[in-house]
Amino acid sequence: MQINFHQLSFFFYVMGMLLALPSCEKQDDPGEKPYAIPSTYTFTDAMGNSTVDYAGQTQRLNMVAEIVTYLKTANTPGVRLDAQKLRDMYRNAGNPFTDNSLNNSGKQIKDKVFAPDQQLFEQYFDSIAAASQSDSPATVGRAGVGTSGSSNYLFSARGMEYTQLIEKGLMGALMYYQATGVYLDTDKMNADNSTPVSGKFYTEMEHHWDEAFGYFGVPFDFPTNTTGMRFCGKYCNDRDALLGTNKIMQAFIKGRAAISNKDMKTRDEQIILIRELWEKVMAGTAVHYLNGAKNTFTDDVLRNHQLSEAYAFIMSLKYNPARKVSMQQIENWLAQIGDNFYEVTLSSIVSVRDEIAAAYGFENVKEQL
């Protein structure tokens, strides 16, 4: 039998089409299938069981809240802080909390803080306890409570408010670090996502994502509902009007839905977005408090209070593994401010603010932040 050129061409065309069919088939790739993305951080399995769990993170945020409440009692002259009590709250030893469920939780703060800085907070505890022993008003070279109008704050002899360094510092070294540097990082995101953890309704990867979300500090239906937001979540909402930071919530929801549907490409895109937006929260809030220090420069109490907050937020920029700025930039900004807030200059405050704004693209809104 003789085959002419046209018949041969048609044969190869048909064979080519048949061979191409498997490469067009996408049903075996779950990431290519459409799936629902909820409007809130609410996820259930086929039986209607919630697959979300970040109870451990909520407990640690509650621990930080109790520490801060205790620290602020020393803003009243004559109140003495106990450094050992603070250390015990930090490592959850000796039933230090008023909430007994925290004492019995088996959780602590210290072992989740960025390891190289764990001792730093213990030094802060010692320093604030020592400052609280003073019966004199705060002034240059002397620790004590400073008063401006109806506001009272406990300062060190160098004008540093350790309550702010501890609270905002833990927002960075605990919450921001654990979320962006641990739970959303490679090791945790390589966890099993094929079967539920024994006795649970979620996979290991789903749970790690929930744990990152738990450190954000917002209700499951944020930003529609802002009741109960705290720590990083509160500052995220504060910065949203100028920086659009509340989009981080949709990224958390979309990433979680992607994990449940085996869509790792979308998950990884949301990790990038969460890190970028959370970094904007920290940098934007540093600029906000530098503005506050600038605007109250002649009032030692109000300036040093806001400068302490700015200093802690600048320090916290280092905890994001995908940060936009280098450690050298962060160290330069802290060095310009210095460690004696009574000696800070207005020009250094403005210079640091402008450099941070330039690094993060905030120039157009730096005055409003």
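Residues numbered from 1 in each chain as written. Predicted model: local features only at pLDDT ≥ 70, side-chain atom pairs only at ≥ 80, totals over all residues. Heavy atoms only, no water.

The next thing to look at is the pattern of salt bridges. When their charged atoms lie close together, side chains carrying opposite charge are able to pair. Scanning all chains against the criterion turns up 19 salt bridges. Linking Glu-122 and Lys-110 is a salt bridge whose minimum nitrogen-to-oxygen distance equals 3.1 Å. In this pair, Glu-122 is assigned in helix H5 (residues 118-131) and Lys-110 in the loop between helix H4 (100-103) and H5, connecting sequence segments 12 residues apart. What makes Glu-122 buried here is its relative accessible area of 11%. Owing to a relative accessible area of 23%, Lys-110 belongs among the partly exposed residues under this scheme. The closest approach of N and O atoms between Arg-275 and Asp-185, which form a salt bridge, is 3.0 Å. Here Arg-275, found in helix H11 (residues 264-295), pairs with Asp-185, found in the loop between helix H6 (162-183) and helix H7 (186-189); they are 90 residues apart in sequence, far enough to count as distant. (Salt bridge = Lys/Arg side-chain N within 4 Å of Asp/Glu carboxyl O. Helix = DSSP H or I, 4+ residues; strand = E, 2+ residues; numbered from the N terminus. Buried < 20%, exposed > 50% of the residue type's maximum accessible area, 1.4 Å probe, protein only.)

Below, the discussion takes up the pairing of strand E1 (residues 144-148). Taking burial as the measure, the 5 residues of E1 include 4 buried ones, the bulk of the element. As judged from the 5 bridges shared by E1 and strand E2 (residues 151-155), these two strands associate in the antiparallel manner. Bridged to Gly-144 within E2 is Phe-155. Hairpin remark: E1 followed by E2, antiparallel, with 2 residues in the connecting loop; positive phi at Gly-149, about 65°. (Pairing = 2+ DSSP bridges.)

What follows concerns the side chain of Thr-51. Here Thr-51 lies in the loop between helix H1 (5-24) and helix H2 (55-72). In contact with Thr-51, not counting residues within four places along its chain, are Phe-43, Thr-44, Asp-45, Phe-201, Tyr-202, Asp-210 and Arg-256. (Contact = heavy atoms within 4.5 Å.)

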